[in-house]
Amino acid sequence: MCVEIDYRALNGTLSRRLVEPYSLRRSRAGKVLLHVHDIEKDGHRVLRVEGMVSARVSGLSFAPRFQIEL
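Every value quoted in this text rests on a predicted model; they were computed, and no experiment measured them. (Residues numbered from 1 in each chain as written. Predicted model: local features only at pLDDT ≥ 70, side-chain atom pairs only at ≥ 80, totals over all residues. Heavy atoms only, no water.)

### Details of the environment of Ile68
Then, in step 1: For Ile68, the position within the fold is in the segment after β5 (52-57).
Then, in step 2: With 33 residues separating them in the primary sequence, Ile68 and His35 have C-alpha atoms 9.9 Å apart.
Then, in step 3: Here Ile68 is in contact with Pro21, Tyr22 and Phe62, once residues within four sequence places are set aside. (Helix = DSSP H or I, 4+ residues; strand = E, 2+ residues; numbered from the N terminus. Contact = heavy atoms within 4.5 Å.)

This is the structure in structure tokens:
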């Protein structure tokens, strides 16, 4: 299922993103990162979990473009 995320960028800008989630990873610096395909921007994005203000399942399904890591 796609996820709708309210996200605050490092510069403070708030945006709403509709994404296909693929992988949740921890960086070498210890940050938790969510790898997604941003549907509106039609591309791979990496979102900092700490920047997520809210998230909700959209009800929109998708056919995976990549292998999903669980």
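### So, the sheet that holds β5
The pairing of strands in a sheet happens through backbone hydrogen bonds and is either parallel or antiparallel.
Then, in step 1: With antiparallel pairing, the five strands of this open sheet are ordered in space as β4-β3-β2-β1-β5. Both edges of this open sheet fall to β4 (43-48) and β5, since each of them pairs with a single strand only. With direction set aside, neighbouring strand axes in the sheet form an average angle of 45°.
Then, in step 2: Alignment of strand β1 (residues 3-8) against strand β2 (residues 14-26), held across six bridges, turns out to be antiparallel. Residue Val3 lies in a different strand from β2, and its bridge partner there is Val19. (Pairing = 2+ DSSP bridges. Axes fitted to C-alpha atoms, helices over the stretch in contact; angles between N-to-C directions.)

### Section: the nonpolar core
Then, in step 1: The biggest cluster of nonpolar side chains holds seven residues, and these are Val3, Ile5, Tyr7, Val19, Leu34, Val36 and Leu47.
Then, in step 2: At the level of elements, β1 and β3 (32-38) are the ones that each hand at least two residues to this core.
Then, in step 3: When residues of this core are assigned to their parent elements, the largest contribution, three residues, is made by β1.
Then, in step 4: Those residues in contact with Val3 that sit more than four places away from it in its chain are Arg17, Leu18, Val19, Pro21, Ala55, Arg56 and Ser58. (Core = buried A, V, L, I, M, F, W, Y, C linked by side-chain atoms within 4.5 Å. Buried < 20%, exposed > 50% of the residue type's maximum accessible area, 1.4 Å probe, protein only.)

### What about the pattern of salt bridges?
Then, in step 1: Using the criterion set out here, one finds seven salt bridges in the structure.
Then, in step 2: Note that Asp6 and Arg16 form a salt bridge whose closest N and O atoms lie 2.7 Å from each other. Highlighted residues: Asp6 in strand β1 and Arg16 in strand β2, separated in sequence by ten residues.
Then, in step 3: Of the residues examined, Asp6 reaches a relative accessible area of 12% and is grouped as buried.
Then, in step 4: One salt bridge in this structure joins Glu50 and Arg48, with 3.2 Å as the shortest N-O distance.
Then, in step 5: Overlapping salt bridges, with partners in common, bring together Glu4, Asp6, Arg16 and Arg56 in one network. (Salt bridge = Lys/Arg side-chain N within 4 Å of Asp/Glu carboxyl O.)

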